[in-house]
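Residues per chain are reported as follows:
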Amino acid sequence: MAVTGDVYNTGLLKRIFQYVKPYRAVFVWSVILTVLLAAISPIRPFLIKYTLDHYILAGKYSGLVNMTMLMIFMLILQTLIQYNHTLLTNTLGQSVIRDLRINVFNHITKLRLKFFDQTPIGQLITRTVSDLETIADIFSEGLISMIGDSLQVVVIVGVMLYTDWELSMVVLLPIPLLIMATRKFQKAIKIAFQEIRNEVSNLNTFLQEHITGVSIVQYFARERQEYKKFYAINKRYRDANIRSNWYYSIFFPVVELISAMSLGLLIWYGARSILAKPLDVTPGTITQFIMYLGMVFTPIRQLADKFNTLQMGMVGAERVFKVLDTKDTTPNEGRQKPEKLAGNIEFKNVWFAYNEDHYVLKDLTFEVKAGETIALVGATGAGKSSTINILNRFYETGKGKVTVDGIQIEDFDLDYLRSHIATVLQDVFLFSDTILNNITLNNAEITMEQVVNAAKKVGAHEFIERLPGGYQYNVMERGATLSAGQAQLISFIRALVHNPAILVLDEATSSVDTETELLIQKAIDNLMEGRTSIVIAHRLSTIQKANLIVVLDKGEIKEKGTHQELLKLDGYYKKLYDLQFSSKGIAKV
Ligand SMILES: Nc1ncnc2c1ncn2[C@@H]1O[C@H](COP(=O)(O)OP(=O)(O)OP(=O)(O)O)[C@@H](O)[C@H]1O
Ligand SMILES: [Mg+2]
């Protein structure tokens, strides 16, 4: 994956700072405290030097107490500023990424299905969790403290030069060496960090998929093979981490070495001049310089690290903004919101392709009158699900048009259109939440009474009541604690309480026991009552009741008519019917 996030990318930085705007006060205070910290840190060593030279060595012990009090005061002040500084910068970082994360989530939920067809879920999770976390570090550990560190270096070097410029020149001699080492380190570590980020994304994607699909792994006893794959990803992740740590393990001792050189120079030059011209370099100055050296080297060393934090934040930001910039949302320009929708649906010469020119629907033309039921039948891959996905505008048609009550679907307000079409998919998806919330989808307008009525109509009320907690029963992720038939019934209630004019039903093919089967058949009859329904039918009973059957084959309409008409025709449908139903003598596939 190409990663180009760069600290020098001012456009990107500006964009991140858009999110700082609501927290301007926090930001300003953080910077003020940073500057204060940098400004007061050189004071204590200076006080120590002064005490040493003017009181201790001069034998004036009377002023010692005052100086000590002053130093304690400075220490307390510094501690307080440090505390507030850490608190503020972290608050800023976390607030910024909370807002960003909400934006990202909001955006992701509006993206077209096509985007999700092409983007692994694990990758999106990495974007919204750990990539975002690196942006917070820009504020808590990166940018602001870099300003502070740089300032501290400048101030201390300034005070050193002021105190004794000759001595300063000597002890700062190894600094260019340090800067060179830092640059080298910083370049190497950047690449190592990028590798780490990529491997984190890979890890998340792999884990997400394999935990979701763990039953497949177990059914087919693929644990060993998957283990090997996971082992390989982990190894790459570990190696990337070790590489980055290796750079650190080289860099830190090098800095130590250079700072020892400075210290050596200080002692050499200091001792020499104390011996030669006793008044030139005082023991106080040497003590002060020893402390200052630490205060110059540590920030310079940290600057390299913080620069990387900033860099990683920028990389993270770039990736997150890339998701935000994905314009793959369904256009919502239609304004039509008729008072009532009768539900006359018409497909007129509709062509559709998921990927350019590879048409999976070819010239579909059919009509469903308000309140009637149409059954779509056809072999697997014939284009049944694709047909209903177009009606919802989950995917956009290539050519031709689809109208509801004579209005082209693109001209409807998108929310309006979708809220008037209830879709029950083949695979029921339930959230890890209560049955009630899974039915209402947190729509506060739906009352408990409506839910219970719908549940009774569908014939699911009894089984729900029997669950521990009834409607408050938590179904766990993807409805893991319910049977397939029960989950189906819940999804029917969900469709029913939303009381749509149009019902789209992709009948499940999964086998359920005879009792549940009867329940489901009855539920489907209730569901279709009084609405326009498009049903991808697998049950003979549903097919027989349809006003019109549309037989699809490789994206084309092969035959149209009622069950009896089509049987008489003795064509494709008859063959399909013989294959699926009559020979087995059962009413479902
Ligand atoms: N998201 C997608 N991206 C690309 N191609 C797709 C996508 N979904 C389906 N297809 C292709 O479109 C064609 C029609 O698929 P569709 O899902 O409409 O079949 P179907 O009739 O619903 O089959 P089934 O009875 O198995 O559900 C198939 O060839 C399939 O490979
Ligand atoms: Mg399908």
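Residues numbered from 1 in each chain as written. Chains lettered and ligands numbered in written order. Predicted model: local features only at pLDDT ≥ 70, side-chain atom pairs only at ≥ 80, totals over all residues. Heavy atoms only, no water.

With that settled, consider the overall build of the protein chain. Broken down by element type, the protein chain carries 21 helices and 10 strands. The C-alpha atoms of the protein chain give 35 Å as radius of gyration, which overshoots the globular expectation for 589 residues (25 Å, by more than 25%). For the protein chain, the C-alpha atoms occupy an extent of roughly 120 × 45 × 45 Å along the three principal directions. The proportion of buried residues among the 589 residues of the protein chain is 47%. The long-range fraction of contacts in the protein chain, counting pairs at least 24 apart against all pairs at least 6 apart in sequence, stands at 78%. Carbon and sulfur atoms form 60% of the exposed surface of the protein chain, whose accessible area is close to 30,100 Å². Across the protein chain, the mean location of the 61 positive side-chain charges is 5 Å away from that of the 57 negative side-chain charges. (Helix = DSSP H or I, 4+ residues; strand = E, 2+ residues; numbered from the N terminus. Rg over C-alpha atoms; globule rule 2.2 N^0.38 Å. Buried < 20%, exposed > 50% of the residue type's maximum accessible area, 1.4 Å probe, protein only. Contact = heavy atoms within 4.5 Å. Areas by Shrake-Rupley, 256 points an atom, 1.4 Å probe, with all protein chains shown as cover. Lys, Arg positive; Asp, Glu negative; His and termini not counted. Charge placed at Lys NZ, Arg CZ, Asp CG, Glu CD.)

Once that is clear, we can look at the pattern of salt bridges. Here the structure, examined in full by the defined rule, presents 18 salt bridges. Aspartate 325 is the partner of arginine 15 in a salt bridge, and the nearest nitrogen-oxygen pair spans 2.9 Å. Taken together, the positions of arginine 15 in helix 1 (residues 10-18) and aspartate 325 in helix 11 (residues 283-325) put the pair 310 residues apart, joining distant regions of the chain. We classify aspartate 325 as partly exposed; its relative accessible area is 37%. Members of the salt-bridge network, linked through shared partners, are Arg127, Asp131, Arg197 and Arg319. (Salt bridge = Lys/Arg side-chain N within 4 Å of Asp/Glu carboxyl O.)

Splitting the protein chain by domain gives domain 1 (10-325) and domain 2 (330-420 + 538-589). Listed as interface residues are five residues of domain 1 and, on the opposing side, six residues of domain 2. When domain 1 packs against domain 2, the two sides together hide about 520 Å² of surface, and 46% of this comes from carbon and sulfur. For the domain 1 face of the interface with domain 2, the top three residues by lost area are Arg112, Leu113 and Lys114, together amounting to 80%. Linking domain 1 with domain 2 are two residue pairs in polar contact (both at pLDDT 80 or more), by the criterion used here. When residues in the side of domain 1 that touches domain 2 are grouped by element, the largest group, three residues, is from helix 5 (residues 113-118). Here the side of domain 1 that touches domain 2 is composed, by residue class, of one nonpolar, no polar and four charged. (Domains from an automatic or database assignment. Buried area = accessible area lost by both parts, 1.4 Å probe. Polar contact = N/O pair within 3.5 Å; in protein donor to acceptor, adjacent residues only side chain to side chain. Nonpolar A, V, L, I, M, F, W, Y, C, P; charged D, E, K, R; others polar.)

As a further point, take the site of ligand 1. In the vicinity of ligand 1 lie 13 residues, with Asp117, Thr380, Lys384, Ser385 and Ser386 positioned nearest. At 2.8 Å from an oxygen atom of ligand 1 is found a side-chain nitrogen or oxygen belonging to serine 385. One nitrogen or oxygen atom from the side chain of serine 386 is found 2.5 Å from an oxygen atom belonging to ligand 1. Notes on ligand 1: free accessible area 630 Å², of which the protein chains cover 64%. Of the residues forming the shell around ligand 1, the biggest block, three residues, is contributed by helix 12 (residues 384-391). For the shell around ligand 1, a count of residues per class yields five nonpolar, six polar and two charged. (Near = heavy atom within 4 Å.)

Let us now look at the confidence of the model for the protein chain. Per-residue confidence for the protein chain averages 86 on the pLDDT scale, and 95% of its residues sit at or above 70. No element of the protein chain has a lower mean pLDDT than helix 21 (residues 572-582), which averages 80, and none a higher one than strand 1 (residues 345-353), which averages 94. Low confidence marks residues 584-589, where pLDDT is under 50. Its contacts with residues over four positions away, or in another chain, come to 16 contacts. (pLDDT = per-residue confidence, 0-100.)

Structurally, glutamine 426 is set in the loop between strand 6 (421-424) and helix 14 (435-440). A residue is classified by how much of its surface remains accessible, and glutamine 426, at 30% relative accessible area, is partly exposed. Residues glutamine 426 and aspartate 506, spaced 80 residues apart in sequence, show a C-alpha to C-alpha distance of 4.9 Å.

Right, let's talk about the sheet that holds strand 6 for a bit. As a general point, the strands of a sheet are linked pairwise by backbone hydrogen bonds and lie either parallel or antiparallel. Within the open sheet, the six strands sit side by side as 6-7-8-3-9-10. Their pairing is mixed. Looking at strand neighbours, the two that pair on one side only are strand 6 and strand 10 (556-561), the edges of this open sheet. Neighbouring strand axes in the sheet, compared pairwise and without regard to direction, differ in orientation by 15 degrees on average. Relative to strand 7 (residues 502-506), strand 6 runs parallel, the two being bridged by four bridges. For valine 424, the partnering residue across the bridge sits in strand 7 and is leucine 505. (Pairing = 2+ DSSP bridges. Axes fitted to C-alpha atoms, helices over the stretch in contact; angles between N-to-C directions.)

Read from one edge of the open sheet, four strands run 2-1-4-5, paired in antiparallel fashion. Of all strands in the sheet, those bounded by a partner on one side alone are strand 2 (359-368) and strand 5 (407-408). Relative to strand 2, strand 1 is paired through six bridges, and the arrangement is antiparallel. From the neighbouring strand, alanine 353 faces strand 2, where its bridge partner is tyrosine 359. The strands touched by helix 12 are strand 1, strand 2 and strand 4 (399-404); relative to strand 1, the strand with the most contacts, the crossing angle is about 115 degrees.

To continue, consider the side chain of threonine 542. Position of threonine 542 relative to the elements: it lies in helix 19 (residues 540-545). A polar side-chain atom of threonine 542 sits 2.6 Å from a polar atom in the side chain of glutamate 507. Ignoring any residue separated from it by four or fewer positions in sequence, one finds threonine 542 in contact with Glu507, Ile524, Met528, Val535 and Ala537.

Take a nonpolar patch on the surface next. On the surface, Val65, Met69, Ile72, Ile76 and Leu80 cluster together into a nonpolar patch covering about 490 Å² of accessible area. Its place among the elements puts leucine 80 in helix 4 (residues 64-110). (Patch = residues over 30% accessible without salt bridge, like charges linked within 9 Å, V, L, I, M, F, W, Y side chains within 5 Å.)

Another aspect to go through is the packing of aromatic side chains. Under the counting rule described, the total for this entry stands at 21 aromatic pairs. Seen from their ring centres, phenylalanine 412 and tyrosine 416 are 5.8 Å apart, and the 10 degrees between their planes marks the pair as stacked. Of the two residues, phenylalanine 412 and tyrosine 416, both sit in the buried class. Grouped by ring-pair contacts, the aromatic residues Phe185, Tyr248, Phe251 and Phe252 constitute a single cluster. Across from the ring centre of phenylalanine 321, 4.1 Å away, lies the NZ or CZ of arginine 15, which sits over that ring. When the ring centre of tyrosine 572 is taken as origin, the NZ or CZ atom of lysine 558, which lies over that ring, is 5.1 Å away. (Phe/Tyr/Trp six-rings, centres within 6.5 Å; stacked < 30°, edge-to-face > 60°. Lys NZ or Arg CZ within 6 Å of the ring centre and 35° of its normal.)

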